[in-house]
Amino acid sequence: RGGTQLTAAGDAFFTPFLRASLASATVHVSAISNAEPMRWDPGYEAAQGGKLQTRAKIQLQANKGGGVALFVWLETAVKGHFSDNDFHLIPGEGREVYFICDDTIENLSARLGQTLHVRHLHEPSPKPVKLQSPPPHIS
């Protein structure tokens, strides 16, 4: 009332996902770059043998003019985890996700570029990432 609009804090879907009439969505990876190692408290670093975690930054985007990409999921053969996974992207929206591994892997971004796959609800088979140009590297 009084011009105030109330919205839910979470996502609400009113039809089964696969029955929804959604435009086809395309998600692409625009860049994969090495990121600064994770800094931990001294106790954690000592427990890990003094190693810092290696990180890579992955930049994703849903194509403009396409549909909503529901449940975007990233996979790789490299041992580690993603800072975020299983999220939604609206057309034109971008997102940065970090891949974090406990081992020190030289040139992590290049390894991810070779093994990273992206899938979402309307593209359930993992698609290998195809960057338009070689991934930029940040030391």
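Heads up: the structure comes first, above all this text.
Residues numbered from 1 in each chain as written. Predicted model: local features only at pLDDT ≥ 70, side-chain atom pairs only at ≥ 80, totals over all residues. Heavy atoms only, no water.

Asker: What is the right way to read the packing of aromatic side chains from this model?
Answerer: Each aromatic ring pair is specified by the distance between its two centres and by the angle formed by the two planes. In this structure the tally under the stated criterion is one aromatic pair. Between F82 and F99 the ring centres are 5.0 Å apart and the planes differ by 65°, which places this aromatic pair in the edge-to-face class. Taken together, the positions of F82 in strand β4 (residues 81-82) and F99 in strand β6 (residues 94-101) put the pair 17 residues apart, joining distant regions of the chain. Judged by relative accessible area, F82 falls into the buried class, the value being 14%. Taking relative accessible area as the criterion, F99 reaches 1% and is therefore assigned buried. Over the aromatic face of Y98 sits the side chain of R55, whose NZ or CZ is 4.5 Å from the ring centroid. We note R95 situated over the ring of F87; from NZ or CZ to the ring centre the distance is 4.3 Å. (Phe/Tyr/Trp six-rings, centres within 6.5 Å; stacked < 30°, edge-to-face > 60°. Helix = DSSP H or I, 4+ residues; strand = E, 2+ residues; numbered from the N terminus. Buried < 20%, exposed > 50% of the residue type's maximum accessible area, 1.4 Å probe, protein only. Lys NZ or Arg CZ within 6 Å of the ring centre and 35° of its normal.)

Asker: Explanation requested: unusual backbone geometry in the structure shown.
Answerer: Glycine aside, negative phi is the norm for most residues, and most peptide bonds take the trans geometry. Unusually for a residue other than glycine, F71 sits at a positive phi of about 55°. Tracing the sequence through the fold places F71 in strand β3 (residues 69-75). Judged by its relative accessible area of 25%, F71 falls in the partly exposed class. Of note in this structure, D86 is not a glycine but carries a positive phi near 65°. Summarising the element assignment, D86 is placed in the loop between β4 and β5 (87-89).

Asker: I keep staring at the nonpolar core and nothing clicks. Help me out?
Answerer: Most often, soluble globular proteins keep nonpolar side chains buried together rather than apart. Judged by nonpolar contacts, the single largest core of 24 residues is most densely connected at I58 and L60. For this core, the elements supplying multiple residues, two or more each, are β1 (27-35), β2 (54-62), β3, β5, β6 and α2 (108-115). Element by element, the count of residues in this core is highest for β2, at four residues. Apart from residues no more than four positions distant in its own chain, L60 is found in contact with V27, H28, V29, L74, F87, L89, E93, G94, R95, V97 and V118. (Core = buried A, V, L, I, M, F, W, Y, C linked by side-chain atoms within 4.5 Å. Contact = heavy atoms within 4.5 Å.)

Asker: What is the right way to read α2 from this model?
Answerer: Side chains that are three or four residues apart share a direction in an α-helix, a result of its 3.6 residues per turn. Among the residues making up α2, those that are buried are L108, S109 and L112. Down the axis of α2, the buried set is contained in an arc of 95°. They therefore lie on one face. On its buried side, α2 packs onto β1, β2 and β6. (Arc of directions from axis to C-beta.)

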